[in-house]
Amino acid sequence: MKILDYLKQNKLYLDGGMGTLLHARGLAMGELPESWNLSHPDVITDIHRAYYDAGSNVVSTNTFGANSLKFSHVELEAIICAAFDNAKRARDTSSNKGEKFIALDIGPSGKLLKPFGDLDFEDAVSLFSEVVRLGKKYGADAVLIETMNDSYETKAAVLAAKEGCDLPVFVSNVYGADKKLMTGATPAAMLAMLEGMGADAIGANCSLGPAQLSGVVDELLEYASVPVLLKPNAGLPQIRDGKTVYDITPAEFAHTMSEYIRRGVRIVGGCCGTTPEYISLLHQSSIDISPAKTQAKGHSLISSYTHAVELGNTPVLIGERINPTGKPKIKQALREHDVAFILSEGISQEEAGAHVLDVNVGLPDIDEVAAMKNVVCELQSVTALPLQIDTSSPAAMETALRRYNGKAMINSVNGKKESMHAIFPLVKKYGGVVVALTLDENGIPSTASGRVDIAKKILDTAAQYGIDKKDIIFDTLTLTVSADASAARVTLDALRQIRDELGCNTVLGVSNVSFGLPCRDVLNGAFFTAALHNGLSAAIMNPHSAEMMKAYHSYLALCGLDENCLDYINFSSRLCESAATTLAPAAHQGSDKVATLHDCIVKGLKAPAAELTQKLLSKMQPLDIVKQHIIPALDMVGRGFEKHTVFLPSLLMSAEAAKAAFECIKARMTKDGAKNDRLCIIMATVKGDIHDIGKNIVCLLLENYGFRVIDLGKDVEPQRIVDAAIENRAAIVGLSALMTTTVAAMEQTIALVRKKAPHLKIMVGGAVLNQEFALKIGADGYAEDAMGAVRYAESVEADIE
C-alpha cells in the first residue's frame, strides 16, 4: 500500500529523536551522525527497529544533515544507500505487523539564503535535488522535509523534491514561541505557499514541547486543506548529572499529543528528546481515536515571507505604481537599472496602505526576464508585502514565481486556450492566485453574461490542471466610460454575478474607468465604492489617491469591517494633516527617494545609505555619524524586532544597509588613523556543532553597532576560543549551539573560559537554550536573538565605563 492511500483512512505515527540516542550509543562530539550509517549500521538499524516496534508507521532515514556541503558526492551516495539499507532491515525485522514506510529525511542546509545569507536559491535547489534523487533511487516511500526555519529554504527543498521525484512530500517547519519561523513566517503564510506547491502534508516540529505549539497547531488546522503533521520536542532541555534531559515525561507527551489528534492532527511523532518509549505511549493512548477527516477549507490566500493575505473578506488594495505604463520615471529607472527608485515606490505604497504590490517591468527595450527577477528579489529584501507578478511573458512569469518567497498573485491569464495552457502549469507548479481576465479569442464580451461564460470556461480548464477556484480571482475588466456609457454597469454586473453564481473572488484595475476624463480621482473613487458594494475582493489602484482611500475606508466603516472605526479615524487624522490632493505627493509623482541616512537604514536601502554616508563624511566626524545616525536607526528597527512588529529579514536588510554605511566610515577612519574604541567580542559555534546561521546574524548586528567582532566560525575547540579571547583582549565571549547534543560542549567551553580567563563575560544563545538553562551551565547572559546579544553587549560596556 502506498503511504498516501494509507493516510486517507488512518493516522500516521512517525518516529522520534535520533541524535540523543546516537550520543547515548557513543557518537562523539563533532562526529557527523549520518556517517554512522556506514560505520555503525547495527546501531542505526536497532534505533529504527525500536521505533517500528513502538508503533511507528514511518521511520525517517538517518540523513537529516546529509548533503554535499558536508560530504563528497561519492560519500553522499554511499551514506544514503546505507541509510536505506539500515531502515529496510529494521522494517523487515520489526515485530510491528502494521503498515510500515520509510521516509527520506531532509533537514536544513545550515546556511541562510540570499539576500539575507550567502547561499543562492538555485544552489539550494541543486543541493537538495541531489539528496532527493538518491532517496528515490534507494527506495523512499515519501520525502520528509523537516526542521526548516526559513520559508525560502523550505521552498527550495520542496521544489527540489517536486522536480526530482514523484513521491509524496511532507513538510514541517520550526516555529518559535511567537508562532513564527526564524525569518518571520506565520503558519498561514507557510500553508499558503506549501499547499500552492503541492505539499501532501504540512506541519511543525522541534523547538518547543507539545503544549507550547498549541497556537501553531490551531492556525494550521484552521487553514490547512491537507493533513497536518506535528513532531514536538519532549519539552525543554535541562542538565542533570552532566547529561541533557527534557522536562516532559513520555506519559505527559502522549496525553497532549492524543488531544491534538482529537482536534484534527493526522500525522504525529516526536523530535528532540523523544525516544521509542514516547512513541510507544503515544501509540497506545491514541490508537483508538478515529482520525479526523481532512477537508478543503476554501481559503484564498497569497503570502510573502512573513504573512498571508486572505482574499474574500476585507477588500485588498494592490498598489499599481511599479508599472512603466504612463510613468516615465519608472521607465527611466528600469532602463538605467535604478533599483533604488523602484524600491522607494514600493516602500511608499506600503506606507500609504497597500496590502499587495503589483510588479510590472515590461518595456520593449530591456531584458524583461532578468529585470523581473531582479526587481522581485530586491523588493522582497525591503518589504514584507506579497507581490503580484504582472507580465504577459510566460518566461518572465516563471522566473519570478520560481524566485518569489511566498505565494504570489499572478497577473494574468485569460480565456484564450494559448494563455491558459501557458499559465496554468506555472500556477500548478509554483502556486499562486491567478488573475483571470474575462476575455477570449473573440475579445471582451459586451455583456455581463458573456464575461461570466468566459469565467466558467476558465474555471473548467483550471480544474483540469488541478487548480481550485479559490486560486482564481476574476477581473471583469474596467473599460472607460468616456468611450462607452454602459461600460461601468456591465463590469459591475459581471462582478456581482461571478461573486453570487460562481462563488469566486474578483479584482479590478479601478482607474481605467476614468481614462480621458478630467478630475479622474473623483470618478475613480465613486466607481471604486460601487465596485466594493458589488462584491469586489481586491482593487489594483494608486494608494496615494485621496479619493480612492476615502472610498475604501468609508466602505469598511459602513459595512462593519473596521472594528470601532479605528482605521477610519486614523485615516481621517492623516487626511486632515495633508493639504494636498494626495496622501504623499512626492511618492505619487514617482520622484522621491529616501532623504536621510536614518531612513535608508530603517528601510534597508544599501546603495542610498552608502551615498548619503559619503555626503555626511564631508561635514561630520565618522564616529558622530555612527552615534547620531546609524545606531539610532538600528535601535528603531531593533525595538520593532523585539516587539515582533519587525521580522528577521527586515532586521538583516537594515543591518546590511548599516554595513554599507559603516564600510564608508571604516575607510575614512583607516585613512585618518582613527581607532574604534568599542568592546572586542569573540564569537563561535561550539565544538561539534556545524550550524552557524544564528551566530552569523549576531556578528553582523554587533559589527553594525560598532563592536569589534572576531568570528571564529563553527565547530570550534574550547582552547581556541580561550586563546583568541586572551590574545585580542576581548571583553565578551559569545557561544552558539543549535543541537541539544552539543550543549555539553558549550558547558565545557564555559568551564575552560572560567578557568583560564575568569574576567571575561560569557553570553550564549541558540534554539535549544533559555535563560534558566544558560545560567545553569555557567553563562553570564542569554541572548534569545541578535538584538538580545546587542543589548547584552551594551550592558557590559556600560558596566565597564
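This report concerns the structure included in the present document.

Rules of the game
Residues numbered from 1 in each chain as written. Predicted model: local features only at pLDDT ≥ 70, side-chain atom pairs only at ≥ 80, totals over all residues. Heavy atoms only, no water. Helix = DSSP H or I, 4+ residues; strand = E, 2+ residues; numbered from the N terminus. Buried < 20%, exposed > 50% of the residue type's maximum accessible area, 1.4 Å probe, protein only. Polar contact = N/O pair within 3.5 Å; in protein donor to acceptor, adjacent residues only side chain to side chain. Contact = heavy atoms within 4.5 Å. Salt bridge = Lys/Arg side-chain N within 4 Å of Asp/Glu carboxyl O. Phe/Tyr/Trp six-rings, centres within 6.5 Å; stacked < 30°, edge-to-face > 60°. Lys NZ or Arg CZ within 6 Å of the ring centre and 35° of its normal. Pairing = 2+ DSSP bridges. Axes fitted to C-alpha atoms, helices over the stretch in contact; angles between N-to-C directions. Right-handed = clockwise from strand over helix to strand, strands pointing away. 1 Å grid on protein atoms, 1.4 Å probe; cavity = no way out; pocket = protein on both sides within 12 Å on 5 of 7 lines; lining within 4 Å. Points joined across faces, edges and corners; volume = space filled by probe spheres on them. Parallel < 35°, antiparallel > 145°, perpendicular 65-115°, else oblique. Left-handed = near helix turned anticlockwise from the far one by under 90°. Nonpolar A, V, L, I, M, F, W, Y, C, P; charged D, E, K, R; others polar.

Within the fold, arginine 402 resides in helix H15 (residues 394-403). Given the relative accessible area of 15%, arginine 402 is considered buried. A polar side-chain atom of arginine 402 sits 2.6 Å from a polar atom in the side chain of glutamate 122. In terms of polar contacts, arginine 402 uses its side chain to reach the side chain of glutamate 163, at 2.7 Å. What arginine 402 contacts, discounting residues up to four positions off in sequence, is Phe121, Glu122, Val125, Lys155, Leu159, Glu163, Lys429 and Tyr430.

Here we take up the pattern of salt bridges. The final tally for this structure, using the stated rule, is 35 salt bridges. Between arginine 49 and aspartate 46 there is a salt bridge, with its nearest N and O atoms 2.8 Å apart. Of this pair, arginine 49 and aspartate 46 both sit in helix H4 (residues 41-54), separated by 3 residues, roughly a single helical turn. We classify arginine 49 as partly exposed; its relative accessible area is 23%. Owing to a relative accessible area of 32%, aspartate 46 belongs among the partly exposed residues under this scheme. Of the charged contacts in the structure, one is a salt bridge between glutamate 797 and arginine 678, with a shortest N-O distance of 2.4 Å. Placement of the pair is glutamate 797 in helix H31 (residues 786-800) and arginine 678 in the loop between helix H26 (648-672) and strand E21 (680-685), with a sequence separation of 119 residues. The burial state of glutamate 797 is the same as that of arginine 678; both residues are buried. Several salt bridges converge on common partners, so that one network encompasses Glu122, Glu163, Arg402 and Lys429.

Going through the model one piece at a time under the given rule, you end up with 6 aromatic pairs. Taking 5.9 Å as the distance between ring centres and 55° as the angle between the ring planes, the aromatic pair formed by tyrosine 6 and phenylalanine 101 counts as tilted. On the criterion of sequence distance, the pair formed by tyrosine 6 in helix H1 (residues 3-9) and phenylalanine 101 in strand E3 (residues 101-106) is long-range, its members being 95 residues apart. Here tyrosine 6 and phenylalanine 101 have matching classes, each one buried. Note on phenylalanine 116 and tyrosine 305: the rings are 6.1 Å apart at their centroids and 65° apart in plane angle, and the pair reads as edge-to-face. In this pair, phenylalanine 116 is assigned in the loop between E3 and helix H6 (121-137) and tyrosine 305 in the loop between strand E11 (300-303) and strand E12 (308-311), connecting sequence segments 189 residues apart. For phenylalanine 116, a relative accessible area of 15% corresponds to the buried category. Positioned above the aromatic ring of phenylalanine 707, the side-chain terminus of arginine 678 is 4.1 Å from the ring centre.

Within the fold, isoleucine 248 resides in the loop between strand E9 (243-246) and helix H10 (250-263). Between the alpha carbons of isoleucine 248 and cysteine 600 there is a distance of 47 Å; along the sequence they are 352 residues apart. The residues contacting isoleucine 248, other than those within four sequence positions of it, are Gly209, Pro210, Ala234, Gly235, Phe253 and Tyr278.

With that settled, the discussion passes to the sheet that holds strand E18 (residues 472-475). Overall, parallel pairing links the 8 strands, which are arranged E13-E14-E15-E16-E17-E18-E19-E20 in a closed barrel. Strand-to-strand twist of the sheet, defined as the mean angle between neighbouring strand axes without regard to direction, takes the value 30°. Of the strand pairs in this sheet, strand E13 (residues 316-322) and strand E14 (residues 356-359) are connected by 3 bridges, and their pairing is parallel. Bridged to isoleucine 322 within E14 is valine 359. In the packing of helix H16 (residues 417-430) onto the sheet, the strands contacted are strand E16 (409-414), strand E17 (433-437) and E18, and the crossing angle to E16 comes to about 155°.

It is worth spelling out the pairing of strand E15 (residues 387-390) at this point. Burial along E15 is two-sided: the face carrying Leu387 and Ile389 and the face carrying Gln388 and Asp390 are both buried. Bridge analysis of E14 against E15 gives 3 bridges, and the strand direction is parallel. Looking at E15, one finds that leucine 357 is bridged to leucine 387. In this fold, E14 hands off to helix H14 (residues 368-382), which returns the chain to E15; that crossover is right-handed. Sheet topology places E15 next to E16; 3 bridges connect them, and they run parallel. Pairing of isoleucine 389 across the sheet is with isoleucine 410, part of E16. Note on the crossover from E15 through H15 to E16: the handedness is right-handed.

Taken as a whole, the second largest pocket encloses approximately 870 Å³ of empty space. If you go around the second largest pocket, you meet 28 residues; those closest to its centre are Glu320, Lys327, Gly509, Ser511 and Asn512. Take the lining of the second largest pocket: its biggest share by element is 3 residues, from helix H19 (residues 520-533).

The contact between H19 and helix H20 (residues 546-558) brings their axes to 7 Å, and the two run at 25°. Comparing their axes, H20 and H19 come out roughly parallel. In this structure, H19 meets H20 at a crossing whose hand is right-handed. In this structure, H19 uses Asp521, Val522, Asn524, Gly525, Phe528, Thr529, Leu532 and His533 to contact H20, whose residues at the interface are Ala546, Glu547, Met548, Ala551, Tyr552 and Tyr555. Here the contact of H19 with H20 is built from residues that sort into 8 nonpolar, 4 polar and 2 charged.

A sheet is described by the order of its strands in space; here 8 strands give the open sequence E1-E10-E7-E6-E5-E4-E3-E2, paired in parallel fashion. Strand pairing shows two members of the sheet lacking a second neighbour, strand E1 (12-13) and strand E2 (58-60), which therefore form its edges. Helix-sheet contacts for H6 involve E3 and strand E4 (142-148), and the interaxial angle to E3 is about 165°.

So, about the packing of helix H8 (residues 187-196) against helix H9 (residues 214-223). Contact geometry for H8 and H9: axes closest at 9 Å, N-to-C directions at 40°. Considering their axes alone, H8 and H9 lie oblique with respect to each other. For the pair H8 and H9, the crossing hand works out as right-handed. For the pair H8 and H9, contact is made by Pro187, Ala188, Leu191 and Glu195 and by Val216, Glu219, Leu220 and Tyr223, respectively.

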